[in-house]
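Read off the chains here:
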Amino acid sequence: MVSKGFLMSCLGGVGREVFASRSLSPRPHYPSMPKYPRRKSTVEVVGGGDLEATPETAEEEEKRVALFSVVGMVCAACAGSVEKAIKRLPGIHDAAVDVLNDRAQVIFYPAFVSVRCVRKALVALATEEAEVRYDPRIVSANQLMEAVEDTGFEAILVTTGEDINRIELKVDGPFSTRYISMVNSSLQALPGVDDINIDPVLHKVTISYKPDQTGPRNFIEIIESTGSGQLKASIYPEVRGKGLHRHEEINQYYQCFLWSLVFTIPVFLTSMVFMYIPGIKEALDKKIVNMLKVGELLRWILSTPVQFIIGRRFYVGAYKALRHGSANMDVLIALGTNAAYFYSVYTVLRAATSPNFMGTDFFETSSMLISFILLGKYLEILAKGKTSEAIAKLMNLAPETAILISYDNEGNVISEREIDSRLIQKNDIIKVMPGGKVASDGFVIWGQSHVNESMITGESRPVAKRKGDIVIGGSVNENGVLHICATHVGSESALSQIVRLVESAQMAKAPVQKFADRISKYFVPLVSYYASSCSALLL
């Protein structure tokens, strides 16, 4: 999926807490979309038999969220094409696309499953992600991906649905049908386990769970004990598809730009430089057939690969945009370069067939325009990569490992072992050595020290910590040993919430940006209309 140079990630899940405070674009009102009736209130018994009417909240509780990353949008018209295509899907209630941040979010009402399946969509250009809230009973993530791909962009599914409280484990060993059945039944017996999916081909076990009741370390212990020592479980390696795709896309645009220079520079020199150099000018002005000159034929030959091979991506993007009744930047590029190229072809053919025709070609205009646009896209992708790297560095503040300690009934430490920090569960006791990073949010139960929280709070001075004080995961312990009881792990940690806030801020649109997006919807059609009108007048 990454071979064509586009990326889309999807994060779906229950979003009634994470996304409740996000600012969304206004609800669209299409004539074909039915109005939603007001939901009826439910009556429930409260206390000693009194009846109290409360509003129905099932709709809000069943919200689904999917996070998408869309690569290839270069202007607000591109984002408008994606947004319009998603809104036209059956079940879509609202869609908002942010071209600057490469992200999208779709809003839908699961309560109206017969009419709507998507609630909200946001697109962030900088992080190349899109987030969609949808009802999996009506529409699947693959259908949403197909809708985005149908608008001219390509997508891969990074993560879905319930992965906020989901973990993937890799099982090494003889993963036979018998062991699969035993592992499944053993995990189902654990309290807090919601769903189990076992892939025997990839030796992968996917578990959805309630973090307040259990955790990944319990799953690993159950799997290894079930196999009588023959099975070994570990966290499934993360797929670096997005980073690899970005690297491939950068190389792709870089190679295209270099190849365009190979053909464009000679076209530019023969058109703008060599005509002022004696000797070379006479050679280029030598007539081949009638009024056709050597320089014109040479520029035609060199500009053709740039126009139709290197610039093919613009034709594809323009075709897909026009097919959906919208005009994006690719349409403008194709229109402008084709006008210059085919007019130049006309002058060449007229010169070759007429002994008196005098005309000027503009092959350098089309080839140089494509080269400059490719350079701009290359620089744009580099800038997007820096935005994603900033978020990745924020997540890397957390240490890779942690020291897990156990107490006896009298409060004495009986064991210490190093574990993967992703295996930390609530109420675990973590030991933090001087100079080490705090592996999880929690509070100090033993020891005293100073903790540097500047990377989280911006406070330059270390903060004194003693028993009962709260510490933040990712901060650095300056001196002294601390024993910390973990309270917030995984997606509930402060670091994860900061990352989500950054991503949400990138999805949000300022009023000026919304106004610019509305203008851009009419900009390309107007330019195309006046360009065609001026061409008709000149002819």
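Residues numbered from 1 in each chain as written. Predicted model: local features only at pLDDT ≥ 70, side-chain atom pairs only at ≥ 80, totals over all residues. Heavy atoms only, no water.

In the nomenclature of an unreviewed UniProt entry, the protein chain is known as HMA domain-containing protein of Ensete ventricosum. You can read under Subcellular location (unreviewed entry) in the UniProt record for the protein chain the words "Membrane". (UniProt positions renumbered as here; feature names shortened; annotations may be inferred.)

A. Inspection of the overall build of the protein chain at higher detail. A tally of regular secondary structure across the protein chain gives 14 helices and 25 strands. Within the span of the protein chain, comprising 539 residues, buried residues form 46% of the whole. Expressed as a percentage of contacts within the protein chain between residues at least 6 apart in sequence, the contacts between residues at least 24 apart total 71%. Counting only carbon and sulfur atoms, one obtains 59% of the accessible surface of the protein chain, whose full area is about 27,500 Å². (Helix = DSSP H or I, 4+ residues; strand = E, 2+ residues; numbered from the N terminus. Buried < 20%, exposed > 50% of the residue type's maximum accessible area, 1.4 Å probe, protein only. Contact = heavy atoms within 4.5 Å. Areas by Shrake-Rupley, 256 points an atom, 1.4 Å probe, with all protein chains shown as cover.)

B. Representation of the packing of helix 4 (residues 177-188) against helix 5 (residues 216-226) in the model. Direction vectors running N to C along helix 4 and helix 5 enclose 140 degrees, while the axes themselves pass 9 Å from each other. As the angle between them shows, helix 4 and helix 5 are arranged oblique. Viewed along their axes, helix 4 and helix 5 form a crossing whose handedness is right-handed. Of the residues in helix 5, those in contact with Y179, M182, V183, S186 and L187 of helix 4 are F219, I222, I223 and T226. The residue makeup of the contact of helix 4 with helix 5, split by class, is 7 nonpolar, 2 polar and no charged. (Axes fitted to C-alpha atoms, helices over the stretch in contact; angles between N-to-C directions. Parallel < 35°, antiparallel > 145°, perpendicular 65-115°, else oblique. Left-handed = near helix turned anticlockwise from the far one by under 90°. Nonpolar A, V, L, I, M, F, W, Y, C, P; charged D, E, K, R; others polar.)

C. Up close: the environment of V499. Following the sequence through the fold, V499 ends up in helix 13 (residues 494-507). Expressed as a C-alpha distance, the spacing of V499 and M395, which sit 104 residues apart in the sequence, is 7.5 Å.

D. View of the pairing of strand 20 (residues 441-446). Examined bridge by bridge, strand 20 and strand 25 (residues 482-488) share 5 bridges and lie antiparallel to one another. Bridge pairing in strand 25 links G442 to A486. Inspection of the sheet shows strand 20 paired to strand 23 (residues 470-471) by 2 bridges, in the antiparallel sense. Each bridged residue has a counterpart across the sheet, and for F443 the counterpart in strand 23 is I470. (Pairing = 2+ DSSP bridges.)

E. Highlighting helix 5. Listed in full, the buried residues belonging to helix 5 are P216, R217, F219, I220, I223 and T226. Among the residues trailing helix 5, S228 stands out with phi positive, at a value near 55 degrees.

F. Seen up close, the sheet that holds strand 12 (residues 193-199). Pairing in this open sheet of 4 strands is antiparallel, and the strands run 12-13-11-14 from one edge to the other. If you trace the sheet from one side to the other, it starts and ends with strand 12 and strand 14 (232-235), each paired once. Neighbour to neighbour, the strand axes of the sheet diverge by 25 degrees on average, direction disregarded. One ladder, built from 5 bridges, connects strand 11 (residues 166-172) with strand 13 (residues 204-209); its direction is antiparallel. The partner of L169 across the bridge, within strand 13, is V205. Contacting strand 12 and strand 13, helix 4 crosses the sheet at an angle of about 165 degrees to strand 12. The strands touched by helix 5 within the sheet are strand 11, strand 12, strand 13 and strand 14, with strand 11 carrying the most contacts at an inclination of about 25 degrees.

G. Here's a closer look at the environment of T487. Here T487 shows up in strand 25. For the pair T487 and Q425, spaced 62 residues apart in sequence, the C-alpha to C-alpha distance is 8.3 Å. Contacts of T487, omitting those with residues within four sequence positions, involve K426, D441, G442 and F443. Within polar-contact distance, the side chain of T487 engages the side chain of H488 at 3.0 Å. (Polar contact = N/O pair within 3.5 Å; in protein donor to acceptor, adjacent residues only side chain to side chain.)

H. Geometry of unusual backbone geometry. Of note in the backbone geometry, H203 takes a positive phi value of approximately 55 degrees without being a glycine. We classify H203 as partly exposed; its relative accessible area is 23%. Look at N290: it is not a glycine, yet its phi comes out positive at around 50 degrees. Examined against the element boundaries, N290 turns out to sit in the loop between strand 15 (287-289) and strand 16 (292-293). Under the relative-accessibility criterion, N290 is labelled partly exposed at 38%.

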